[in-house]
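Observations on the three-dimensional arrangement
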Amino acid sequence: MGLKFLDIKKIDLENKIENEYFTKILDTSDEWIKSRTGISSRYFAKESVSDMAVELANKLNFDREKIRLVLVASFTSERILPSVAGLINEKLNLNENCLSADINMACTGFVGAMILAERFLRDGECAILIAAEKISSVLDFSDRTTSVLFGDGCAGVVVEKNNKLWVTDEKTYGDEKALSMRKGEFVSMQGKDVYRFAVDKVPKSIEKLFEESGIEKEDIDHVFAHQANIRILDQISSKLDLDIDKFMVNVDKHGNTSAASVPILLAEKKEFLKDGDKVIFSAFGAGLSICSVLMEW
Ligand code: ACO
């Protein structure tokens, strides 16, 4: 069993922040940021997480009666109650037979939401999955090791349960130090530890998808992996011996938008996807956690 993507949309933010912005407030350079991360620019939102998520939900096309699940992935929501998903349910006047919840898995959140939706939905039922992040609201702009890496954004999809190929791998390795944030605090990250974790464990997670599905890596058409750092994508590609050209990339334009990274990438590259393509999704983040999916488009 799997998921069919019926609609994919993103929010276009206006406030583009070039690397030069950071060179004026921090001891850093465009060259350092580009060479260590691949990031040239990112967007900072004026809107709140819930404003972006509701705006996005309003752009999506779906059959109201078929929606059984609304999940909003974010670690930067300004809202605790009701959930952003509950707010969407109210604002869009969705049917009442609908489970609506926010999930916080940081950067892993959207692929985690895909896995949860596939397990939850029955034949012909649909879910709205949205990821929205305003990471600029939790950045310490005096810390050059984290503030240059992140961006804001929002994107989402409508999915319907189908019968096509669907294999998943989901992992959580307890680690409170590598990436953490308590209420009212700035996000704190041990960048090197997260880097080592990602280049070690993400290839293993994707290998597991090959083992379980019996699909050969040569048969993979596209990889939609979390956009944190171009060097991490390069390392994953070379460890798996999976052609880097199969990896979709937009980290240069958006930076790391956490949960929103994979659906923004999907929205920007959807024209490359054809019926029957074998596609890998993989995201990693706080937890530390990884969620990976191999599916037929
Ligand atoms: N500008 C200039 N110099 C800098 C900057 C900066 N912005 N940031 C750090 N440096 C310096 C460091 O202080 C260090 O200097 P030193 O050698 O004098 O001590 C030097 O550059 C090298 O620093 P490293 O940390 O070794 O640099 P590295 O090559 O590891 O790159 C980075 C750092 C980009 C953070 C990398 O480790 C990384 O991408 N990590 C993963 C981050 C990530 O994927 N996060 C995902 C978060 S997912 C979620 O759930 C939110």
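All values reported here derive from a predicted model rather than from experimental measurement.

Next up on the list: the site of the ligand. Around the ligand sit 26 residues, and of these Thr 28, Arg 36, Cys 107, Lys 192 and Asn 229 come closest. Contacts to the ligand include Gly 191, whose backbone N or O atom sits 2.9 Å from a nitrogen atom. At 2.7 Å, a side-chain N or O of Lys 192 approaches an oxygen atom of the ligand. If the ligand stood free it would expose 1,000 Å²; the protein chains cover 76% of that surface. Of all the elements in the fold, those that place two or more residues in the shell around the ligand are helix 2 (30-37), helix 6 (144-147), helix 7 (191-213), helix 8 (230-240) and strand 12 (278-285). The residue makeup of the shell around the ligand, split by class, is 14 nonpolar, seven polar and five charged.

Turning to the sheet that holds strand 12, a few remarks are in order. If you walk across this open sheet you meet the four strands as 8-13-12-11, and the pairing is mixed. In the strand order of this sheet, the two ends are held by strand 8 (166-175) and strand 11 (222-225), each with one partner. Across the sheet, the mean angle from the axis of one strand to that of its neighbour is 10°, orientation sign disregarded. Summarising the sheet, strand 11 and strand 12 pair through four bridges and their orientation is parallel. Bridge pairing links Phe 224 to Phe 281 in strand 12. The strands that helix 7 touches are strand 8, strand 12 and strand 13 (287-296); relative to strand 13, the one it contacts most, it runs at about 35°.

In this section: the nonpolar core. Formed by 45 residues in total, the largest nonpolar core has its most connected members in Phe 210, Ile 220, Ile 232, Ile 280 and Phe 284. Where this core is concerned, the elements lending two or more residues are helix 7, strand 11, helix 8, strand 12 and strand 13. Here this core spans two domains, since at least three of its residues come from each of domain 1 (2-162) and domain 2 (166-296).

One can find Gly 151 in the loop between helix 6 and strand 7 (153-162). Separated by 107 residues in sequence, Gly 151 and Phe 44 place their C-alpha atoms 6.0 Å apart.

Once that is clear, we can look at the UniProt feature "domain: Beta-ketoacyl-[acyl-carrier-protein] synthase III C-terminal" (unreviewed entry) in the chain. Feature annotation in UniProt places "domain: Beta-ketoacyl-[acyl-carrier-protein] synthase III C-terminal" (unreviewed entry) on residues 211-297, given in this structure's numbering. What you have in residues 211-297 is 31% helix and 25% strand, and the ends, taken at the C-alpha atoms, are 19 Å apart.

What follows covers the pattern of salt bridges. This model, assessed by the stated rule, comprises 20 salt bridges. For Lys 10, the salt bridge identified is with Glu 268, shortest N-O distance 2.7 Å. Residue Lys 10 is found in strand 1 (residues 2-10), and its partner Glu 268 is found in helix 10 (residues 261-269); the two are separated by 258 residues along the sequence. According to the relative accessible area criterion, Glu 268 is buried, its value standing at 15%. Close ionic contact of Asp 169 with Lys 208 constitutes a salt bridge, the shortest N to O distance being 3.0 Å. Residue Asp 169 is located in strand 8, and its partner Lys 208 is located in helix 7; the two are separated by 39 residues in the primary sequence.

What counts, and at which threshold
Residues numbered from 1 in each chain as written. Predicted model: local features only at pLDDT ≥ 70, side-chain atom pairs only at ≥ 80, totals over all residues. Heavy atoms only, no water. Near = heavy atom within 4 Å. Polar contact = N/O pair within 3.5 Å; in protein donor to acceptor, adjacent residues only side chain to side chain. Areas by Shrake-Rupley, 256 points an atom, 1.4 Å probe, with all protein chains shown as cover. Helix = DSSP H or I, 4+ residues; strand = E, 2+ residues; numbered from the N terminus. Nonpolar A, V, L, I, M, F, W, Y, C, P; charged D, E, K, R; others polar. Pairing = 2+ DSSP bridges. Axes fitted to C-alpha atoms, helices over the stretch in contact; angles between N-to-C directions. Contact = heavy atoms within 4.5 Å. Core = buried A, V, L, I, M, F, W, Y, C linked by side-chain atoms within 4.5 Å. Buried < 20%, exposed > 50% of the residue type's maximum accessible area, 1.4 Å probe, protein only. Domains from an automatic or database assignment. UniProt positions renumbered as here; feature names shortened; annotations may be inferred. Salt bridge = Lys/Arg side-chain N within 4 Å of Asp/Glu carboxyl O.

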